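Coordinate analysis (summary)
These are the residues of each chain, in order.
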Amino acid sequence: MPPRLKRSRPRPISVEHMQADNPASMPRREQSRARACTRRPVKLVAEYLSRLCAATVLVIGVLVLSGWLLDVPRPQHVFSGLAAMKANTAACFILAGIALWTGSILAAAHGRARAFLRVLSLACSTGVLMVGFLTSVEYLAGIDFGIDQLMAQDRTSLPGDIPGRMAANTAVNFIASGAALLLLAQARRDFTWLLHGFVLVPFLIAGTALLGYIYNVEAFYRLRLDFTPISVDAVVAFLLLGLGIMNARPHFPLRRTFWSDSDAGAAARLLLPATIGIPLLSGWLALRGMELDLYSATVGMAFVTMANIVALTALVQWSAMKLLRSEQRRRLAESSLQASEERYRTVVAALFDGVVLMNADGTIKASNSSAQRILGLSMDELAGKTSYDPHWQAIHEDGSPFPGEQHPATMTLKTGESLSGVIMGLQKPGGVICWISINSQPLYKPGQSRPHAVVTSFADITDRKRAEDALKELQARLREEAIRDPLTGLFNRRYLEETLSRELSRAAREGHPVSVLMMDIDHFKKLNDTYGHQAGDDVLRAIGTMLLQHARRSDIPCRYGGEEFLVVLPHMTRDAARERADHVREDFARQAIDAQGQQVRSTICIGVAAYPADGETAEQLIAAADRALYCAKHTGRNRVCVAIDGAEKAASGTA
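Computed from a predicted structure; not experimentally measured. (Residues numbered from 1 in each chain as written. Predicted model: local features only at pLDDT ≥ 70, side-chain atom pairs only at ≥ 80, totals over all residues. Heavy atoms only, no water.)

**Observations concerning the environment of aspartate 144**
The following threshold applies: The numbering of helices and of strands both runs from the N terminus, where a helix is a DSSP run of H or I of at least 4 residues and a strand a run of E of at least 2. Whether two residues are in contact is decided by their heavy atoms, any of which lying within 4.5 Å being enough. The term polar contact refers here to a pair of N or O atoms within 3.5 Å; inside protein, the definition further demands a hydrogen-donor-capable atom paired with an acceptor-capable atom, and it admits residues adjacent in sequence only when both atoms are side-chain atoms.
Mapped onto the elements of the fold, aspartate 144 is located in the loop between helix H4 (111-141) and helix H5 (168-186). With residues up to four places along the chain from it excluded, the contact list for aspartate 144 reads Glu138 and Arg165. Here the side chain of aspartate 144 touches glycine 146 through a polar contact of 2.9 Å, landing on its backbone nitrogen.

**Looking at the packing of aromatic side chains**
Our working rule: Any Phe, Tyr or Trp ring, taking Trp's six-membered ring, that has another such ring centre within 6.5 Å forms a pair; planes under 30 degrees apart are called stacked, those over 60 apart edge-to-face, and the others tilted. Three exposure classes are used, based on accessible area relative to the maximum for each residue type with a 1.4 Å probe and protein chains only: buried under 20%, partly exposed in between, and exposed over 50%. In our convention, an over-ring charge means Lys NZ or Arg CZ found within 6 Å of a ring centre and within 35 degrees of that ring's normal.
Counting across every chain of the model gives 4 aromatic pairs. When the centroid spacing of 4.1 Å and the interplanar angle of 20 degrees are considered together, the rings of phenylalanine 491 and tyrosine 495 count as stacked. Neither residue differs from the other here; phenylalanine 491 and tyrosine 495 are each classed as buried. Every member of this aromatic cluster is reached through a ring pair, and the members are Phe93, Phe174 and Phe238. Sitting over the face of the ring of phenylalanine 352, arginine 373 holds its NZ or CZ atom 4.5 Å from the ring centroid. Between the NZ or CZ atom of arginine 493 and the centre of the ring of tyrosine 560, over which it lies, the distance is 4.1 Å.

**Thoughts on the nonpolar core**
Defined as follows: Nonpolar core, defined: a set of buried Ala, Val, Leu, Ile, Met, Phe, Trp, Tyr and Cys residues in which side-chain atoms within 4.5 Å join the residues together.
Ranked by internal contacts, the top residues of the largest apolar core, which has 50 residues, are Phe93, Leu100, Leu195, Ile230 and Ile245. Going through the elements one at a time, helix H2 (26-70), helix H3 (87-105), H4, H5, helix H6 (192-215), helix H8 (232-246) and helix H9 (253-258) are the ones with two or more residues in this core. In terms of residue count, H2 provides more of this core than any other element does, 9 residues in total.

**Topic: the packing of helix H16 (residues 493-510) against helix H20 (residues 618-633)**
Inclusion rule: Only the stretch in contact is used when a helix axis is fitted, and all axes are lines through C-alpha atoms; the angle between N-to-C directions ranges over 0 to 180 degrees. Between 65 and 115 degrees an angle is taken as roughly perpendicular, under 35 as roughly parallel, over 145 as roughly antiparallel, and anywhere else as oblique.
Where H16 contacts H20, the axes come no closer than 9 Å and their chain directions differ by 105 degrees. Classified by the interaxial angle, the pair formed by H16 and H20 is roughly perpendicular. Taking contact as the criterion, the partners of Leu496, Leu500, Ser501 and Leu504 in H16 are, on H20, Ala618, Leu621 and Ile622.

**Overview of unusual backbone geometry**
Residue proline 612 is bonded to the preceding tyrosine 611 through a cis peptide linkage, with omega at 5 degrees. Mapping proline 612 onto the fold places it in the loop between strand S13 (604-611) and H20. Phi at histidine 523 is positive, roughly 55 degrees, even though this residue is not glycine. Mapped onto the elements, histidine 523 comes out in the loop between strand S8 (514-521) and helix H17 (524-531). By relative accessible area, which is 47% here, histidine 523 ends up partly exposed. Even without being a glycine, histidine 571 presents a positive backbone phi close to 60 degrees.

**Brief notes about the pairing of strand S9 (residues 556-561)**
Condition: Between any two strands, at least two bridges found by DSSP are needed for them to pair.
Of all the 6 residues making up S9, 5 are buried; the element is thus mostly covered by neighbouring parts of the structure. In this sheet, strand S10 (residues 564-570) lies alongside S9 in antiparallel orientation, the contact comprising 5 bridges. Across the sheet, the residue bridging to glycine 561 is glutamate 564, located in S10. In this structure, the hairpin formed by S9 and S10 is closed by a connection of 2 residues, where glycine 562 is found at a positive phi of approximately 60 degrees.

**Overview of the pattern of salt bridges**
Going by this rule: Here, a salt bridge means any Lys or Arg side-chain nitrogen found within 4 Å of an Asp or Glu carboxyl oxygen.
All chains considered together, the criterion is met by 21 salt bridges. Here arginine 188 makes a salt bridge to aspartate 190, at a shortest N to O gap of 2.7 Å. For arginine 188, a relative accessible area of 43% gives the class partly exposed. Glutamate 498 is the partner of arginine 494 in a salt bridge, and the nearest nitrogen-oxygen pair spans 3.8 Å. Of this pair, arginine 494 and glutamate 498 both sit in helix H16, separated by 4 residues, roughly a single helical turn. Among the residues examined, arginine 494 registers a relative accessible area of 53% and is labelled exposed. Residues participating in the shared-partner salt-bridge network are Glu327, Arg330, Arg331 and Glu334.

**Quick notes on the environment of glutamine 406**
Inspection of the secondary structure assignment puts glutamine 406 in the loop between strand S4 (394-395) and helix H14 (408-415). Each residue touching glutamine 406, except ones within four places of it in the same chain, is listed here: His396 and Met411.

**Description of the confidence of the model for the protein chain**
For the record, the criterion: Confidence of the predictor in every single residue is expressed as pLDDT, which spans 0 to 100.
Averaged over all residues, the pLDDT of the protein chain equals 82, while 88% of them reach at least 70. A low-confidence stretch, residues 1-29 (pLDDT under 50), is modelled with 36 contacts involving residues beyond four sequence positions or located in other chains.

Structure representation (structure tokens):
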């Protein structure tokens, strides 16, 4: 049987646990805690930003559409005198908000809920795409599909504003946004860059329109004078929609870098808003100053230039300091890691036990010199091998094959549990069996539930195993000698006393019979006096051999003492025992025993007793068989006598 494996779940060890015992690391640990506290809000924003954007876009669409349906002017216009968001534009934003919300939570859903969310997202995205496409066709072909005032009547007074029709750049934005939302609903990584390509379109168009409103450049928010202009609230909604789409998945570039815990993420969160906001603010201030005749255009341009130079210089200096600190921390970490690796490498190399590092696929990556010594292989010969390699000829302690899938390293990689004290025999290149005791420990990367590698350590226990085997053999031999008669090879009287009572107890529980044969060699003293004691020993050995030949596996043949023998016959009735006794007596009488070069013949008498009729205890049963034997010897020798209900009856034999 394979050995029982000792399993234990490894306790995760973190850097904080190791630093807790080091007083010198307290300030650094406090800094780590402070950084962790600042990272929590960042992670929350990264996780819920898409839903927040979706909800905002949805609210904008609902408010504007409510204003059109209820004929309330205020929700239709953010600023009086500017273009209003059209009713069909508001409806598309409602659909886009729903599509973004469902698409952002789609990856976390399962089963029917996931299928429902996907269908809903695809339907809303398709609606957005189709409205944008039909409106674009209306502008390009001069066709009116009747969708402009389908939801509400528009009475516009702005020049070039087509009643009920969304702006041309708004239609293009809805085409690109709808396509991006359709790809988002597919939840496939290979569409990531195509999706971002579509999202860039509304970002560029909406961003340009926002600059047009800030700097009062009408061409930026109206493609042509006879086209409807894009509204301010539509610009904001498109920017929010694009931001939500780009943040909808953890693997998207924006979320992976902008919201990361690294220095790169912190720099991006500062630099990106600054590079957008500073030029916008400085340009707007310069423009307002020139409009109020506070200074000339030359002074305004100089102001914008100087403001941008100062701001960008400060940002570059801040980024350089951030990168310098990051580089210093990296070098310090590399130096500490190198020193730690050198210490561990020295310790592992000095170990007397073998140590092997295996990858997740089970291939050997590294080993120490002790492992190479124990296994009899060099590192070049070990590299790349696995526990399934046919060159390994491994066995269990009982000699059965030890398959590769039961190797502790393989089991640890599958289950993630450590194993210890597994005994294995390995055939070394010279054909010698080397016995080892193996321990395996999984290695985990942060945030992973499956081990990426496993470390096995093993000790050469060949000498100990040989000593244990020799001790077991000695114990078995001593036990055999303690229960065997050295002359005849039969069980001795001590073993008989231990087993007969046990057999009778079993017979009482199970209700089966037990018989006993007690036999004695006729005229043994005369045989010793005539041929010598050596000849007598030869006769005793001959009867012992004969009893072993006649015995079943369950029978217990014993030398009772001197020339007396006793055989316990479980599951045998009195009649069957009498027949067995006759066969034994006849076979022995026919034997010509070679005793010291002389042919000697002898006979035996046998007494038969049966449980429970002749005795219910071992003493009673042996006494009944002894009386039957006495009867056989006094009625002519070479006889079998049966004890029947306390009386003795000669069964067979010759005088």
